[in-house]
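So you can see what is in the structure, the chains are spelled out below.
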Amino acid sequence: MKKFLALLGRLMLILSCSSDDNDEVDRIVGKWQMTARFESGVEVEVGCSQCTFTEYKSNGRFGGDYIDLQNTPDECATLTFTELLWSRVGVNNYNFGSGDNVFSTGYFEGENLLVEPVDLPYQWVYSRLD
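Residues numbered from 1 in each chain as written. Predicted model: local features only at pLDDT ≥ 70, side-chain atom pairs only at ≥ 80, totals over all residues. Heavy atoms only, no water.

A. Geometry of the layout of surface pockets. Roughly 590 Å³ of volume is contained in the largest pocket. Elements represented by at least two residues in the lining of the largest pocket include exactly strand S1 (30-39), strand S3 (52-56), strand S4 (61-66), strand S6 (93-98), strand S7 (101-109), strand S8 (112-117) and strand S9 (122-128). The element that contributes the greatest number of residues to the lining of the largest pocket is S3, accounting for four residues. Residues belonging to the lining of the largest pocket are distributed by class as follows: 15 nonpolar, nine polar and no charged. (1 Å grid on protein atoms, 1.4 Å probe; cavity = no way out; pocket = protein on both sides within 12 Å on 5 of 7 lines; lining within 4 Å. Points joined across faces, edges and corners; volume = space filled by probe spheres on them. Helix = DSSP H or I, 4+ residues; strand = E, 2+ residues; numbered from the N terminus. Nonpolar A, V, L, I, M, F, W, Y, C, P; charged D, E, K, R; others polar.)

Right, here's the structure in full:
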């Protein structure tokens, strides 16, 4: 009986860990809008990013689009959006890029998604749009 209970306990532990991991993957899926931007630790204006969103899809791809193109200022209505790849590399860590090239990393802090380019001292803060 003790062996059975020990086995049952291990199985429950494995299943609960797997469930937590899947919840983290699903957490990033959806539309996100940049709400703050930092350069070398100093907050700067979000700029045209206030008119766009980034959408992370469950198939490991992400891209962007305008929130409302008709009401986007002319200087911001010329952006080009490319679809890239995202992957989860830990419980709360993500890589963003193309193929083997990682352009930025991300993690959650509370309800916000924080993204940091690999080679630049920037940080972008996103809030869920949908």
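B. Fine view of the pairing of S3. Among the five residues of S3, four are classified as buried, and the element is accordingly described as predominantly covered. Taken together, the three bridges between S1 and S3 define a ladder with antiparallel strand orientation. Within the sheet, the bridge partner assigned to Gly-30 lies in S3 and is Tyr-56. Where S3 lies against S4, five bridges are found, and the strand directions are antiparallel. Note on S4: the bridge partner recorded for Thr-52 is Tyr-66. Between S3 and S4, which pair antiparallel one after the other, the connecting turn spans four residues, and Gly-60 there sits at a positive phi close to 85°. (Buried < 20%, exposed > 50% of the residue type's maximum accessible area, 1.4 Å probe, protein only. Pairing = 2+ DSSP bridges.)

C. Quick peek at the packing of aromatic side chains. Taken as a whole and judged by the stated rule, the model has eight aromatic pairs. Relative to Phe-96, the ring of Phe-62 has its centre 5.6 Å away and its plane inclined at 75°; by these criteria the two rings are edge-to-face. Of this pair, Phe-62 sits in strand S4 while Phe-96 sits in strand S6, and the two are 34 residues apart along the sequence. Accessibility assignment for this pair places Phe-62 and Phe-96 in one class, buried. An aromatic cluster is present here, built from Trp-32, Trp-86, Tyr-94 and Phe-108 joined pairwise through their rings. It is Arg-27 that lies over the ring of Phe-108; its NZ or CZ is 4.0 Å from the centre. (Phe/Tyr/Trp six-rings, centres within 6.5 Å; stacked < 30°, edge-to-face > 60°. Lys NZ or Arg CZ within 6 Å of the ring centre and 35° of its normal.)

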